[in-house]
Amino acid sequence: MTGAPSSAGAPSPYVRIFTLPGALEFSSSAAVTRMPMAMVSLGMVLTLNHIYGDWTTPGFMTAAYVLASAAVTPVYARLFDRYGQRTVGLPLIIFQAVGFVSFALCAQAHVSLVFLYALAIFLGLTSFSVGALVRTRWARAMADGGGDESLLDTAYSLESAIDEIAFIFGPILVASLATAASPVLPFYVCAFLEGIGGLIFFCLPSAHGRAIHTLTSINLSADQPVEGESKQENDLSSVSQTDHAKRLAFLYPGMIILCLIFVFFNASFSAFDVTMTALMRSMGKDSLLGLQLALFAVGSCIGALIFGSRPHRGNPWRRLIILMTYLAAGFLLIALFSQMHSLVAIGVVELVSGLSIAPLFATGNLMVKQIVPASSLTEGLSWLSTAGTIGSALGSAFSGRIPDSWGA
């Protein structure tokens with residue numbers, strides 16, 4: 001995790017990335033669009049526990065949602081790479097917004113759990129990785145702006161920081177709405193945020209088609225000639241049937257190991273969310289739940305800003321192992337202090353160990369870009385997201401039974 005700081009007097013890399021045309025617009029609208037990713041799982045846990053009175057039901061329903069999402073995310077990613085972000089994304093945004101509203105209405109009406117499971121699965125089947133889409137746009141915007149790949153560390157770290165900002169405010173918002181207003185209100189807010197942000201993101205003017213070919217030449221061979229201008233002005237990530245990689249991005253060497261790492265990485269967080277929710281409720285501290293869950297994200301956001309402010313050299317696999325070891329030590333300390341019911345100590349450990357989270361995500365995404373060809377970049381990034389989603393499902397399903405069986 002070592003790296004040299006930027007040269008004296010040079011503009012901050014965060015300033016430089018936003019000089020790229022359209023960068024501020026697509027990054028900010030994507031931030032709004034993926035705000036619900038920090039709200040849905042916790043929203044299901046709080047809503048269903050409030051209505052049905054147990055922890056097993058929300059644990060398994062959250063798992064059904066995230067597994068359905070994991071199943072379709074790579075499929076949508078290939079469609080995004082092939083047909084373009086706007087063509088595929090706009091219908092999905094509409095389906096998602098309708099699904100959020102439907103789930104809220106049905107939960108409020110205490111409908112059969114079977115129907116709620118179906119709606120949760122529908123929400124999963126219409127979800128996709130906004131993070132993969134915006135990271136693809138960053139890569140192609142940089143290629144179009146001169147091919148300065150040294151700034152991609154900064155852009156990916158920024159997006160990791162934005163993810164963490166969502167996880168700072170998302171849990172606080174969900175907990176506040178569900179406990180102070182209505183347990184189903186978070187789903188209406190999700191529908192609004194994803195609908196507005198998604199419509200803006202997918203309707204933004206896209207970069208020229210030349211960026212696609214330039215990125216491919218940067219990623220594969222510096223001397224490869226750039227082909228002619230693309231006719232598809234509306235679709236940033238659209239590539240021809242000939243250019244589109246037929247091989248699954250998941251099958252490139254290194255991807256399987258990387259995805260397995262992210263399965264366990266994300267399982268730990270969903271398990272933490274469910275069990276910490278049960279612990280706080282057993283202590284009568286529901287009002288502090290959002291703040292408690294947000295401390296991990298605060299540390300991660302700080303880590304992202306530090307990580308993205310400097311270049312990084314050396315073996316990324318080694319960096320990944322060091323960061324994972326650091327985080328594992330943090331979880332062990334959290335487990336210890338949880339037995340003591342020491343929320344202050346847990347919060348301090350969350351903050352400090354959270355410094356590794358965003359650098360882990362950024363490192364993983366950068367490794368994907370090194371592994372897969374440019375024409376499959378969205379798919380490759382989405383496979384990493386899918387691995388994380390599977391991990392989240394496993395963590396939710398397993399940890400949901402623990403409070404019911406053995407106590408918080």
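See the structure shown above.
Residues numbered from 1 in each chain as written. Predicted model: local features only at pLDDT ≥ 70, side-chain atom pairs only at ≥ 80, totals over all residues. Heavy atoms only, no water.

A.B. asks: Any details on the overall build of the protein chain? Residues and values, ideally.
C.D. replies: The helix and strand tally for the protein chain stands at 16 helices and zero strands. Residues counted as buried form 56% of the 408 residues belonging to the protein chain. Across the protein chain, contacts joining residues at least 24 apart in sequence account for 84% of those joining residues at least 6 apart. Counting every atom, the protein chain has about 16700 Å² of accessible surface; 68% of that belongs to carbon and sulfur. (Helix = DSSP H or I, 4+ residues; strand = E, 2+ residues; numbered from the N terminus. Buried < 20%, exposed > 50% of the residue type's maximum accessible area, 1.4 Å probe, protein only. Contact = heavy atoms within 4.5 Å. Areas by Shrake-Rupley, 256 points an atom, 1.4 Å probe, with all protein chains shown as cover.)

A.B. asks: Give a detailed account of helix H6 (residues 113-125), specifying residues and quantitative values.
C.D. replies: Here H6 contains 13 residues, and its C-alpha end-to-end distance of 18 Å stays within 8% of the 18 Å for a straight helix at 1.5 Å per residue. Listing the buried residues of H6 in full gives Leu116, Leu119, Ala120, Leu123 and Gly124. Here the buried residues of H6 occupy an arc of 145 degrees about the axis, which is enough to place them on one side. Structurally, H6 contributes buried residues whose contacts are with helix H3 (40-52), helix H4 (56-83) and helix H5 (85-108). Sitting at the amino-terminal end of H6 is Ser112, which places a side-chain oxygen 3.2 Å from the backbone nitrogen of Val114. (Expected span 1.5 Å × (residues − 1). Arc of directions from axis to C-beta. Polar contact = N/O pair within 3.5 Å; in protein donor to acceptor, adjacent residues only side chain to side chain.)

A.B. asks: I'd love a proper account of the environment of Gly89, names of residues and values included.
C.D. replies: In this structure, Gly89 sits in helix H5. Separated by 44 residues in the primary sequence, Gly89 and Leu133 have C-alpha atoms spaced 9.8 Å apart. Setting aside anything within four residues of it in sequence, one finds Gly89 in contact with Phe80 and Phe202.

A.B. asks: An account of unusual backbone geometry is needed here, citing residue identities and associated values.
C.D. replies: Its identity as a non-glycine residue notwithstanding, His110 has a phi of 55 degrees, on the positive side. With respect to the helices and strands, His110 occurs in the loop between H5 and H6.

A.B. asks: Can you lay out the pattern of salt bridges for me, pointing to particular residues and giving the numbers?
C.D. replies: Tallied over the entire structure, the rule returns two salt bridges. Linking Arg34 and Glu159 is a salt bridge whose minimum nitrogen-to-oxygen distance equals 2.4 Å. With Arg34 in the loop between helix H2 (23-33) and H3 and Glu159 in helix H8 (residues 152-181), this pair connects stretches of sequence that are 125 residues apart. Comparing Arg34 with Glu159, the two get one shared label, buried. Between Glu379 and Arg78 there is a salt bridge whose closest N-O contact spans 2.8 Å. (Salt bridge = Lys/Arg side-chain N within 4 Å of Asp/Glu carboxyl O.)

A.B. asks: Could you give an account of the packing of aromatic side chains, naming the residues involved and the relevant values?
C.D. replies: This structure, assessed with the given rule, holds twelve aromatic pairs. Each ring, one from Phe262 and one from Phe265, has its centre 5.4 Å from the other, and the planes form 90 degrees; the classification is edge-to-face. Here Phe262 and its partner Phe265 are both found in helix H11 (residues 255-282), three residues apart, which amounts to about one turn of the helix. The same class applies to Phe262 as to Phe265, namely buried. Seen from the ring of Phe201, Arg137 lies directly overhead, with NZ or CZ sitting 4.0 Å from the centre. (Phe/Tyr/Trp six-rings, centres within 6.5 Å; stacked < 30°, edge-to-face > 60°. Lys NZ or Arg CZ within 6 Å of the ring centre and 35° of its normal.)

A.B. asks: Explain the packing of H2 against helix H7 (residues 130-144) to me, and be specific about the residues and the numbers.
C.D. replies: Direction vectors running N to C along H2 and H7 enclose 170 degrees, while the axes themselves pass 10 Å from each other. When the axes of H2 and H7 are compared, the pair comes out roughly antiparallel. Each of Ala23, Phe26, Ser27, Ala30 and Thr33 in H2 lies in contact with H7, whose residues at this interface are Val130, Val134, Arg137, Trp138 and Ala141. Counted by class, the contact of H2 with H7 contains seven nonpolar, two polar and one charged residues. (Axes fitted to C-alpha atoms, helices over the stretch in contact; angles between N-to-C directions. Parallel < 35°, antiparallel > 145°, perpendicular 65-115°, else oblique. Nonpolar A, V, L, I, M, F, W, Y, C, P; charged D, E, K, R; others polar.)

A.B. asks: So what's going on with the nonpolar core? Residues and values would help.
C.D. replies: Core analysis: the biggest nonpolar cluster contains 100 residues, and Met44, Phe103, Phe128 and Trp138 have the highest contact counts within it. The element best represented in this core is H11, accounting for eleven residues. Counting residues in hydrophobic clusters, the runner-up holds seven residues, among them Ala161, Ile168, Cys301 and Ala358. (Core = buried A, V, L, I, M, F, W, Y, C linked by side-chain atoms within 4.5 Å.)

A.B. asks: Describe the packing of H11 against helix H13 (residues 316-339), listing the residues and the values that go with them.
C.D. replies: One can describe the packing of H11 onto H13 by two numbers: an axis separation of 12 Å at closest approach and a directional angle of 20 degrees. Accordingly, the angle class assigned to the pair H11 and H13 is roughly parallel. The chirality of how H11 crosses H13 is left-handed. Between H11, through Ile257, Leu258, Ile261, Phe265, Ser268, Phe269, Phe272, Met276 and Leu279, and H13, the contact on the second element is made entirely by Trp317, Leu320, Met324, Leu327, Phe331, Ile334 and Ser338. Looking at the contact of H11 with H13 residue by residue, the class counts come to 14 nonpolar, two polar and no charged. (Left-handed = near helix turned anticlockwise from the far one by under 90°.)

A.B. asks: Provide a residue-level description of H7, including the pertinent values.
C.D. replies: Helix length check: H7 (15 residues) gives 21 Å between terminal C-alpha atoms against 21 Å at 1.5 Å per residue, within 8%. Of all 15 residues in H7, 14 are buried; the element is thus mostly enclosed.

A.B. asks: Any details on the environment of Ile121? Residues and values, ideally.
C.D. replies: Looking at the secondary structure, you find Ile121 in helix H6. If we ignore the near neighbours within four places in the chain, the residues touching Ile121 are Ala64 and Ala68.

A.B. asks: Tell me about the side chain of Glu159, and name the residues and values.
C.D. replies: Among the residues examined, Glu159 registers a relative accessible area of 0% and is labelled buried. Excluding anything up to four places from it in sequence, Glu159 contacts Ser27, Arg34, Val134, Arg135 and Trp138.

Function cannot be inferred from these measures alone, as they are strictly geometric.
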